[in-house]
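Chain and residue survey
Below are the chains, spelled out letter by letter.
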Amino acid sequence: MSPPAQRRMRLSGGTELAYVTAGDPSNPALLLLHGFPSSSRTFRDVIPGLARVAYVIAPDLPGHGQSDVPPTPSFAGISEAISELLAHLVIGRRFIYVHDWGTAVGLQIAMQAPDLVSGLIIQNANAHRTGFGPLWDAALKFWSEPTKENEAAATPDLTFEFTREQYTGGLPEEVAATIKGEPWVEDWRVMNLPGRMETHRALIADYKNHAARFVRSPAI
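We now turn to the structure provided with this report. A quick note: this is a predicted structure, and the numbers were derived from the prediction, not measured. (Residues numbered from 1 in each chain as written. Predicted model: local features only at pLDDT ≥ 70, side-chain atom pairs only at ≥ 80, totals over all residues. Heavy atoms only, no water.)

Looking at the secondary structure, you find Ala58 in strand β4 (residues 55-59). Put simply, Ala58 and Ala212 are 154 residues apart on the chain and 27 Å apart in space, counted from C-alpha to C-alpha. (Helix = DSSP H or I, 4+ residues; strand = E, 2+ residues; numbered from the N terminus.)

Now the structure itself:
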């Protein structure tokens, strides 16, 4: 079994994609897709255990972590980048873990090649309109009326406070205190690198294209 290794590849569009691999390539492949605003670091504590039974591939989505900012950020473009990575690694059948932003990416990859999907592992992921609670009201208004004012109302998550809340929100203080290394600090640093905030704003706007598919998805 190979230990986790940080790697990079140049995509056909010229930007670079960072990713982690671990485990024996002869084992079943497991693609781990992180959410906003993190990176493959999300999985750093579970990859070694997963790698005992799977060949783990954990990319930093374009515009996140150590991956370059995509020239035109969209979930379709990110899905193409991850598909290119899978082809580069000669990955056939795969299990796909999806979470948050990674859901829009992973489900598109799955729909493009359903015969290659061994299974889906889904956590905190929107795949139908019942996932839209009151917190989505501002985003829904922004998608229908894309003004600067509505964009500002729909992007309160682009702050340090909300970035920390991604990790600590709703947790008892004693549980939050066990989180090692304050990972939200690194997330916030990366979010403020050139082009990153613009990428996040573009993806918030583009999420409406993922949501447009929900009308074809029955409530679960």
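What follows concerns the side chain of Ser39. Within the secondary structure, Ser39 sits in the loop between β3 (29-32) and α1 (47-50). Dropping the residues within four chain positions of it, Ser39 is found in contact with His34, Asp60 and Gly65. (Contact = heavy atoms within 4.5 Å.)

It is at 9 Å that the axes of helix α2 (residues 75-88) and helix α9 (residues 196-211) come closest, and there the two elements cross at 95°. By the criterion of interaxial angle, the relationship of α2 to α9 is roughly perpendicular. Counted together, Phe75, Ala76 and Ile78 of α2 and Leu203, Asp206 and Tyr207 of α9 form the full contact between these two elements. Partitioning the contact of α2 with α9 into residue classes produces five nonpolar, no polar and one charged. (Axes fitted to C-alpha atoms, helices over the stretch in contact; angles between N-to-C directions. Parallel < 35°, antiparallel > 145°, perpendicular 65-115°, else oblique. Nonpolar A, V, L, I, M, F, W, Y, C, P; charged D, E, K, R; others polar.)

Following the sequence through the fold, Leu31 ends up in strand β3. Look at Leu31 and you get buried, because its relative accessible area is 0%. Through-space distance from the C-alpha of Leu31 to that of Ile82 is 9.5 Å; in sequence the pair is 51 residues apart. Every residue in contact with Leu31, bar those within four places of it in the chain, is listed here: Ile57, Pro59, Ile82, Leu86, Phe95, Ile96, Tyr97 and Ile109. (Buried < 20%, exposed > 50% of the residue type's maximum accessible area, 1.4 Å probe, protein only.)

Moving on to the layout of surface pockets. Reported here for the largest pocket is a volume of approximately 1300 Å³. Lining the largest pocket are 36 residues, and of these Phe36, Asp100, Asn124, Phe162 and Gln166 sit closest to its centre. For the lining of the largest pocket, the elements supplying multiple residues, two or more each, are β5 (94-99), α4 (137-144), α5 (148-154), α6 (160-168) and α9. Looking at the lining of the largest pocket, the element that brings in the most residues is α6, giving four residues. Of the residues contributing to the lining of the largest pocket, the split by class is 21 nonpolar, nine polar and six charged. (1 Å grid on protein atoms, 1.4 Å probe; cavity = no way out; pocket = protein on both sides within 12 Å on 5 of 7 lines; lining within 4 Å. Points joined across faces, edges and corners; volume = space filled by probe spheres on them.)

Our focus in this paragraph is the nonpolar core. Counting residues in each nonpolar core, the largest one holds 40 residues, and the members touching the most others are Leu31, Leu33, Ile57, Ile82, Ile96, Trp101 and Val105. If one sorts the elements of this core by residue count, α2 sits on top with six residues. Apart from residues lying up to four places away in sequence, Val105 is in contact with Leu33, Leu61, Phe75, Ile78, Ser79 and Ile82. (Core = buried A, V, L, I, M, F, W, Y, C linked by side-chain atoms within 4.5 Å.)

To continue, consider the pattern of salt bridges. Summed over the entire model, instances satisfying the criterion amount to six salt bridges. Residue Arg8 pairs with Glu16 through a salt bridge whose shortest N-O separation is 2.7 Å. Here Arg8 falls in the partly exposed class, since its relative accessible area comes to 38%. Its salt-bridge partner being Glu186, residue Arg189 comes within 2.7 Å of it at the nearest N-O pair. Taken together, the positions of Arg189 and Glu186, both in helix α8 (residues 183-191) and three residues apart, correspond to about one turn of that helix. (Salt bridge = Lys/Arg side-chain N within 4 Å of Asp/Glu carboxyl O.)

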